[in-house]
Amino acid sequence: MTFYAGQMRLLDALDVEGYVGTFTPDGVTDHAHRGERVEGRAEMLAGAVAALPRYAGAAVRHWNDHYLVEEVDENTLHVSYCSLVSRTDSEGRVTFEPTFAIEDVLVRVDGRLFTRSRTIHRDRPSARAS
Amino acid sequence: MTFYAGQMRLLDALDVEGYVGTFTPDGVTDHAHRGERVEGRAEMLAGAVAALPRYAGAAVRHWNDHYLVEEVDENTLHVSYCSLVSRTDSEGRVTFEPTFAIEDVLVRVDGRLFTRSRTIHRDRPSARAS
Amino acid sequence: MTFYAGQMRLLDALDVEGYVGTFTPDGVTDHAHRGERVEGRAEMLAGAVAALPRYAGAAVRHWNDHYLVEEVDENTLHVSYCSLVSRTDSEGRVTFEPTFAIEDVLVRVDGRLFTRSRTIHRDRPSARAS
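Note that the coordinates shown come from a computational prediction; the quantities given were computed from them, not determined experimentally.

What counts, and at which threshold
- Residues numbered from 1 in each chain as written.
- Chains lettered and ligands numbered in written order.
- Predicted model: local features only at pLDDT ≥ 70, side-chain atom pairs only at ≥ 80, totals over all residues.
- Heavy atoms only, no water.
- Helix = DSSP H or I, 4+ residues; strand = E, 2+ residues; numbered from the N terminus.
- Rg over C-alpha atoms; globule rule 2.2 N^0.38 Å.
- Least-squares fit on C-alpha atoms with pLDDT ≥ 70 in both.
- Contact = heavy atoms within 4.5 Å.
- Buried area = accessible area lost by both parts, 1.4 Å probe.
- Salt bridge = Lys/Arg side-chain N within 4 Å of Asp/Glu carboxyl O.
- Polar contact = N/O pair within 3.5 Å; in protein donor to acceptor, adjacent residues only side chain to side chain.
- Nonpolar A, V, L, I, M, F, W, Y, C, P; charged D, E, K, R; others polar.
- Phe/Tyr/Trp six-rings, centres within 6.5 Å; stacked < 30°, edge-to-face > 60°.
- Buried < 20%, exposed > 50% of the residue type's maximum accessible area, 1.4 Å probe, protein only.
- Pairing = 2+ DSSP bridges.

Student: I'd like to hear about the overall build of chain A, residue by residue, with values.
Tutor: Scanning chain A from N- to C-terminus turns up three helices and seven strands. The secondary structure elements of chain A, listed N-terminal to C-terminal, are α-α-β-β-α-β-β-β-β-β. For a compact globule of 130 residues, the expected C-alpha radius of gyration is about 14 Å, and chain A comes in at 15 Å, within 12% of that figure. Oriented by its inertia axes, the alpha-carbon framework of chain A measures out at about 45 × 40 × 30 Å.

And the structure:
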C-alpha cells in the first residue's frame, strides 16, 4: 500500500501537480455521486486547482481502510477501499466530510504504479436498515 | 488483512446474511461491555436483523487499526485490533460511536478463514489518568 | 507494522512505563509544533506521567495511516505516517484532537525494534489552499 501512502500525502499536502502525476496521462476521476467525470491530467489539474479554496483554513487528511486488491493481469490491479476525510482547522478543531467508497484501476508502467481511473461513491444510508 | 476488508464490507453494507456467513456455524459474538453473548449463525442472524433499525438513516463504516495476529496453530489465529465506527447521514453529517477493542479467534476451514469467536470491549476511560 | 500495533496499545492504555520502554534508552520525542523536546527514558517517563491528567475521563486511541518505510541500513528504518487521535468519554461521546504527521527513526537492537526518535508535527492549514 506504499502507492497509496505516497499518493495520499501529495493529496493531503494539496500538491495538486504531484497528485495528478500519480495518474496515467489519460487518467480518469469520476465523482459518481455528483456525476462529475474528469479525464486526462490537464483537466484533472484544472479541476484540482479550482477546488483548492474548499480547503482554505483546514489541513485535510484522508484515512483509508479495507483495501481489497484484485490482480487483473500482471500490470493491472483493481483496488477498492473506503475513505474518511478529516479537516483540522487552525485552532485544531477536527471535522469530517461524508465517508466514501472508492474503486481504482491501477496500472504498472515501467515498473511504477499509476492510477488509470478512480471512481468515488459517497456513502448513503442503506435501504436495508428499515 | 484481506479477511477483514471483506468481512467489514459485508457488515457496513448491512448484508447481515453475508456477514454471519463469515463466522463458523458455531460462531460466537460477545459484546462483553453489555453482557450480550450470541452463539451460532441462526442466533447471530436474528440479533443482527433485530439491530438493523439502529442504522436507519446512516451509512455505517468500521475503521480498524493496530491488528496483532498470533498464530496459535496452523489453522487458528488470535487477532486483536481496535475499531472506530462512523455514521454518515443522508446530509453527509458524520458522527461516531464509542471506540472499541476487539479480540477474535479465526479458524481456517478448507483453506478459508472464518471467525469462530468475537469479543467486543467498549473503550472506557482509564483509571491510570488520575 | 506489528511494532506500531504493540506500541500504540501501550500508549492508548496509558501504560507509560511500557510505552517508554519501546524507545531506546537515549530515545527522543520532539513535539516540534510546541518546541518540546524530551531526551532519554527517564525524562520521557516524567513527561508522560505529568501529561496523564490530560486523559482523565477519556479513553484515547491513535489511528495511524499511510506508513512510508525507508530502510536506511539493515538496522535503521525511517518511518513516517499520520495520526488521528480520538477520545471516548464515559458516556461514549467521541471527540478528536488535531491531526498529526509523525517521523520516526526505528533501530533494531538484538533483533527487536525500538524508537530512537519521534518527531511530531501538528497539521496546519496549507498555504496552497488560497
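Structure's up, so let's keep going.
Student: Summarise the relation of the copies chain A and chain C; cite the residues concerned and give the values.
Tutor: Mapping chain A onto chain C is achieved by rotating through 120° and translating by 0.0 Å along the same axis, at an RMSD of 0.0 Å. Considering both components of the superposition, the chain copies are consistent with a three-fold axis. The two copies present different faces, since only 11% of the interface residues in chain A are matched by interface residues at the equivalent positions in chain C.

Student: Tell me about the relation of the copies chain B and chain C, and name the residues and values.
Tutor: If you rotate chain B by 120° and push it 0.0 Å along the axis, it lands on chain C with an RMSD of 0.0 Å. The overlap is low: 13% of the interface residues of chain B also sit at the interface in chain C, so different surfaces are used on the two sides.

Student: An account of the interface of chain B and chain C is requested, with residue identities and associated values reported.
Tutor: Contact with chain B, which involves 23 residues of that partner, is made by 29 residues of chain C. Roughly 1900 Å² of surface becomes buried between chain B and chain C when both sides are summed, with 62% attributable to carbon and sulfur atoms. Where chain B touches chain C, the interface holds one salt bridge. Where chain B touches chain C, the interface holds eight residue pairs in polar contact (both at pLDDT 80 or more). Residue assignment for the side of chain B that touches chain C shows that the elements contributing at least two residues are β3 (58-73), β4 (76-89) and β6 (100-109) of chain B.

Student: Please set out the interface of chain A and chain C residue by residue, giving values where relevant.
Tutor: Of the residues lining the interface, 28 residues belong to chain A; the matching set on chain C comes to 23 residues. Summed over both partners, the interface of chain A with chain C buries about 1900 Å², with 62% contributed by carbon and sulfur atoms. Taken together, the links from chain A to chain C amount to one salt bridge. Between R61(A) and D123(C) there is a salt bridge, with its nearest N and O atoms 2.7 Å apart. The set of elements that each furnish at least two residues to the side of chain A that touches chain C consists of α1 (2-12), β3 (58-73), β4 (76-89) and β5 (94-96) of chain A. With seven residues, the top contributor of residues to the side of chain A that touches chain C is β3(A). Of the residues contributing to the side of chain A that touches chain C, the split by class is 14 nonpolar, nine polar and five charged.

Student: Provide a residue-level description of the side chain of D89(C), including the pertinent values.
Tutor: Along the chain, D89(C) falls in strand β4 (residues 76-89). Excluding residues within four positions of it along the chain, D89(C) makes contact with R122(B), P125(B), G57(C) and A58(C).

Student: Explain the packing of aromatic side chains to me, and be specific about the residues and the numbers.
Tutor: What the rule picks out here adds up to 18 aromatic pairs over all chains. Between Y4(A) and Y67(A), the aromatic rings sit 5.0 Å apart at their centres with planes inclined by 40°, giving tilted as the arrangement. In this pair, Y4(A) is assigned in helix α1 and Y67(A) in strand β3, connecting sequence segments 63 residues apart. A residue is classified by how much of its surface remains accessible, and Y4(A), at 1% relative accessible area, is buried. Look at F96(B) and F96(C): their rings are 4.8 Å apart centre to centre, the planes differ by 65°, and that puts the pair in the edge-to-face class. Taken together, the residues span two chains, with F96(B) in strand β5 (residues 94-96) and F96(C) in strand β5 (residues 94-96). Each member of the pair, F96(B) as well as F96(C), carries the same accessibility label: buried.

Student: An account of the pairing of β4(C) is needed here, citing residue identities and associated values.
Tutor: Residues and elements named next belong to chain C. For β4, the tally of buried residues reaches 13 of 14 residues, placing the bulk of the element in the interior. Strand direction decides the pairing type here: strand β3 (residues 58-73) and β4, joined by 13 bridges, are antiparallel. Across the sheet, E71 pairs through a bridge with L77, a residue of β4. The hairpin turn running from β3 into β4, its antiparallel successor, is two residues long. For β4 and β5, the ladder comprises three bridges, and the chain directions are antiparallel.

Student: How would you explain the pattern of salt bridges if you had to name every residue and give the values?
Tutor: Side chains that carry opposite charge are capable of pairing whenever their charged atoms lie near each other. Applying the stated criterion to the full structure yields 24 salt bridges over all chains. A salt bridge links E36(A) to R34(A); the nearest nitrogen and oxygen atoms lie 2.7 Å apart. Among the residues examined, R34(A) registers a relative accessible area of 44% and is labelled partly exposed. One salt bridge connects E97(B) with R54(B), and the closest N-O pair in it is separated by 3.6 Å.

Student: How would you explain the side chain of S80(A) if you had to name every residue and give the values?
Tutor: Within the secondary structure layout, S80(A) lies in strand β4. Given a relative accessible area of 17%, S80(A) falls into the buried group. Apart from residues no more than four positions distant in its own chain, S80(A) is found in contact with H66(A), Y67(A), L68(A), I102(A), E103(A) and R9(B).

Student: How would you summarise the pairing of strand β7 (residues 112-122) of chain C if you had to cite specific residues and measurements?
Tutor: All names here are of chain C. Strand direction decides the pairing type here: strand β1 (residues 23-31) and β7, joined by five bridges, are parallel. Considered in β7, the bridge of H31 is made with I120. Bridge analysis of strand β6 (residues 100-109) against β7 gives 10 bridges, and the strand direction is antiparallel. Paired with L106 across the two strands is T115, which belongs to β7.

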